[in-house]
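# Examination of the molecular architecture
What follows is the residue order along each chain.
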Amino acid sequence: MYNSHTELSALSPLYRKLVLESQRIAARFRVPEFYRQFRVQYSISKKLFFAHPLVVYVKNLVRPRLVDSFGHGLDHSTKVGIDAATIVLLEAEKYANVSDRLERLMVLGEIAGLLHDIHRGKENHAEKGAESARKILKPFPLKKREVNWISCAISNHEAFRVPSPCPLPWGQLLSDALYDADKFRWGPDNFTKTVWFMVNYKSIPLGEVVEKFPWGINGILKIKETFRTSIGQQFGPDIIDVGVEIGKEIYRYLLGEY
Ligand SMILES: [Fe+2]
Ligand SMILES: [Fe+2]
């Protein structure tokens, strides 16, 4: 549930009310299968996110650069980072001899999650983010190829674009996991948070939001075909479906109230 008062304070009273109302509606729906089935892997990833010195350092570094008021702030980046590392953990089981480097790969996934939207709101934010990530990570105790993987993953995270191949299976896994974790946010997160921050940021009146709501829901369904890891392909569509069901209920509420 929503816990960032700093983020909420960026909203107009009407959109703040609608965030809270949307979350009240969403609480009646089921938790997507990914978060139920992989609770153990998710908590391993979450623990790493809040304890690993490299991840904590990057988090403090990017905090002032993330645009909270646009709905793509630290909360979004944290969720993407934790989910990306959870997917890495689940996918890496397919590879032999992975255990010694698994935690490292998860840390890279979390760093990529934290950095992927630092230029959100700008033109070509994925490419710009990839470029900045290289510069930011230069003094870090990371291998050159690890920085390359993070940068490649960030440049590939936009929807409906053909991704570039990333070096080595590990780089590719990182890229695909980051993409899927970011698109998991098109599920319940979108309707309970992102959409309201974006319309508030762009000063779009509620009447227009209501009018375009069904169109927005249809647009979201297209993302279901784009998941890149096998975990994403298996569990991503369910996350989107739960989000869409919540979205439809929010739409019914809006039609009744406004
Ligand atoms: Fe993005
Ligand atoms: Fe994102």
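A short tour of the structure in this document, coming up. This is a predicted model, so every value here is computed, not measured.

### A closer look at the overall build of the protein
In terms of regular secondary structure, the protein is built from 13 helices and zero strands. Starting at the N terminus and ending at the C terminus, the protein contains elements arranged as α-α-α-α-α-α-α-α-α-α-α-α-α. By the compact-globule yardstick of 18 Å for 258 residues, the protein fits well, its C-alpha radius of gyration being 18 Å. Its C-alpha atoms give the protein principal-axis dimensions of about 55 × 35 × 35 Å. With 258 residues in all, the protein has 43% of them scored as buried. Residue pairs in contact within the protein that sit at least 24 positions apart in sequence constitute 74% of those at least 6 positions apart.

### Points about helix 7 (residues 99-115)
Given a rise of 1.5 Å per residue, 17 residues ought to cover 24 Å, and the 25 Å separating the end C-alpha atoms of helix 7 matches this to within 8%. Buried within helix 7 we find Leu105, Met106, Val107, Leu108, Gly109, Glu110, Ile111, Ala112, Gly113, Leu114 and Leu115. Among the structural elements, helix 4 (39-51), helix 5 (53-62), helix 6 (74-92), helix 8 (125-137), helix 9 (144-155) and helix 10 (168-183) are those in contact with the buried residues of helix 7.

### Some details on the nonpolar core
Val88, Ala112, Leu115, Ile150 and Leu174 are the most contacted members of the largest nonpolar core, which has 64 residues in total. Excluding residues within four positions of it along the chain, Ile150 makes contact with Leu108, Ile111, Ala112, Leu115, Ala133 and Leu137.

### Considering the environment of Val195
For Val195, the position within the fold is in helix 11 (residues 188-201). Among the residues examined, Val195 registers 22 C-beta atoms within 10 Å and is labelled buried. Residues Val195 and Glu127, spaced 68 residues apart in sequence, show a C-alpha to C-alpha distance of 23 Å.

### What to know about helix 13 (residues 230-257)
Across its 28 residues, helix 13 extends 41 Å between first and last C-alpha, which sits within 8% of the 40 Å expected from 1.5 Å per residue. The largest bend along helix 13 measures about 35 degrees and falls at Gly236, with the proline Pro237 one to four residues further on. Within helix 13, the full set of buried residues consists of Ile231, Gly232, Phe235, Gly236, Ile239, Ile240, Val242, Gly243, Val244, Ile246, Gly247 and Ile250. Residues of helix 13 that are buried sit in contact with helix 2 (13-26), helix 3 (33-37), helix 6, helix 10, helix 11 and helix 12 (206-221).

### Observations concerning the packing of helix 2 against helix 11
Where helix 2 contacts helix 11, the two axes come as close as 9 Å, and the packing angle between them is 170 degrees. With respect to helix 11, the element helix 2 is oriented roughly antiparallel. On helix 11, the residues touching Tyr15, Leu18, Val19, Ser22, Gln23 and Ala26 of helix 2 are Pro188, Phe191, Thr192, Lys193, Trp196, Val199 and Asn200. Taken together, the residues of the contact of helix 2 with helix 11 sort by class into eight nonpolar, four polar and one charged.

### Topic: the environment of Val147
When you line up the elements, Val147 lands in helix 9. Overall, the presence of 19 C-beta atoms within 10 Å leaves Val147 in the partly exposed class. When sequence neighbours within four positions are dropped, the list of residues in contact with Val147 reads Arg134, Leu137 and Leu142.

### Focus on unusual backbone geometry
Residue Phe160 is not a glycine yet carries a positive backbone phi of 60 degrees. Within the secondary structure, Phe160 is located in the loop between helix 9 and helix 10. With a phi angle near 60 degrees, Leu168 is a residue other than glycine that sits in the positive phi range. Tracing the sequence through the fold places Leu168 in helix 10. Take Leu168: there are 11 C-beta atoms within 10 Å of it, and that puts it in the exposed class.

### Focus on the packing of helix 5 against helix 7
The packing of two helices is summarised by the inter-axis angle and the distance between the axes. Interaxial distance between helix 5 and helix 7 falls to 10 Å at its minimum, and their mutual angle equals 5 degrees. If you check the angle between helix 5 and helix 7, you find them roughly parallel. In this structure, helix 5 contributes Leu54, Val55, Val58, Lys59 and Val62 to the contact, and helix 7 contributes Val107, Glu110, Ile111, Leu114 and Leu115. The residue makeup of the contact of helix 5 with helix 7, split by class, is eight nonpolar, no polar and two charged.

Rules and cut-offs
- Residues numbered from 1 in each chain as written.
- Chains lettered and ligands numbered in written order.
- Predicted model: local features only at pLDDT ≥ 70, side-chain atom pairs only at ≥ 80, totals over all residues.
- Helix = DSSP H or I, 4+ residues; strand = E, 2+ residues; numbered from the N terminus.
- Rg over C-alpha atoms; globule rule 2.2 N^0.38 Å.
- Buried ≥ 20, exposed ≤ 12 C-beta atoms within 10 Å, placed from the backbone.
- Contact = placed C-beta atoms within 7 Å.
- Expected span 1.5 Å × (residues − 1).
- Core = buried A, V, L, I, M, F, W, Y, C linked by C-beta atoms within 7 Å.
- Bend = angle between axes of the 7 residues up to and from the residue.
- Axes fitted to C-alpha atoms, helices over the stretch in contact; angles between N-to-C directions.
- Parallel < 35°, antiparallel > 145°, perpendicular 65-115°, else oblique.
- Nonpolar A, V, L, I, M, F, W, Y, C, P; charged D, E, K, R; others polar.

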